[in-house]
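Report on the structure
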Amino acid sequence: NYGYSPRYRIHKRRRIDGCGTVELFLDVKGQRIDDIQLFGDFFGNGDLDDIARVLKGCPLQEEEVAAALRQINLGDYIRNLSIENFVSILCRS
């Protein structure tokens, strides 16, 4: 079983000043994001599934997540949330 990484689920929740509460549920398989769901009391105009699409399959590493998020304008989906704050919620305790 050396190198085997079982599937697991992570739940993160954080309040960001000027943005609101961001809550993330993600399934991780093989150290990659297999599925992610976003919830919160923030404002935004875009479909949150677009964020999930760019992150699905992404390695759960800060640099990789940030690079994936640069494919979209995160502020259109979650107003006043920077990529750095999103990465912090997702990748740090």
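So, here is what we can say about the structure in this document.

Conventions we followed
- Residues numbered from 1 in each chain as written.
- Predicted model: local features only at pLDDT ≥ 70, side-chain atom pairs only at ≥ 80, totals over all residues.
- Heavy atoms only, no water.
- Pairing = 2+ DSSP bridges.
- Helix = DSSP H or I, 4+ residues; strand = E, 2+ residues; numbered from the N terminus.
- Axes fitted to C-alpha atoms, helices over the stretch in contact; angles between N-to-C directions.
- Contact = heavy atoms within 4.5 Å.
- Core = buried A, V, L, I, M, F, W, Y, C linked by side-chain atoms within 4.5 Å.
- Buried < 20%, exposed > 50% of the residue type's maximum accessible area, 1.4 Å probe, protein only.
- Phe/Tyr/Trp six-rings, centres within 6.5 Å; stacked < 30°, edge-to-face > 60°.

A few points about the sheet that holds strand β3 (residues 32-40)
Strand order in the open sheet formed by 3 strands is β1-β2-β3, with antiparallel pairing between adjacent strands. One side of each edge strand has no neighbouring strand; the edge strands of this open sheet are β1 (8-16) and β3. The average angle at which neighbouring strand axes cross in this sheet is 20°, direction not considered. Docked against the sheet, helix α4 (residues 83-91) engages β1, β2 (20-29) and β3, running at close to 135° with respect to β1.

What about the nonpolar core?
In terms of nonpolar packing, the biggest core is built from 31 residues, with Ile51, Leu55, Leu69, Phe86 and Leu90 touching the most fellow members. Per-element tally for this core: the top contributor is α4, with 5 residues. In contact with leucine 90, not counting residues within four places along its chain, are Lys12, Leu24, Leu26, Ile33, Ile36, Leu60 and Val65.

Things to note about unusual backbone geometry
Of note in the backbone geometry, glutamine 31 takes a positive phi value of approximately 65° without being a glycine. Relative to the assigned elements, glutamine 31 resides in the loop between β2 and β3. Given the relative accessible area of 43%, glutamine 31 is considered partly exposed. Its identity as a non-glycine residue notwithstanding, asparagine 80 has a phi of 70°, on the positive side. As for its position among the elements, asparagine 80 is in the loop between α3 (74-77) and α4.

Observations regarding the packing of aromatic side chains
Throughout the structure, instances matching the rule amount to 1 aromatic pair. Taking the centre distance of 5.9 Å and the plane angle of 80° together, the rings of phenylalanine 25 and phenylalanine 39 count as edge-to-face. With phenylalanine 25 in strand β2 and phenylalanine 39 in strand β3, the pair connects residues that are 14 residues apart, well separated along the chain.

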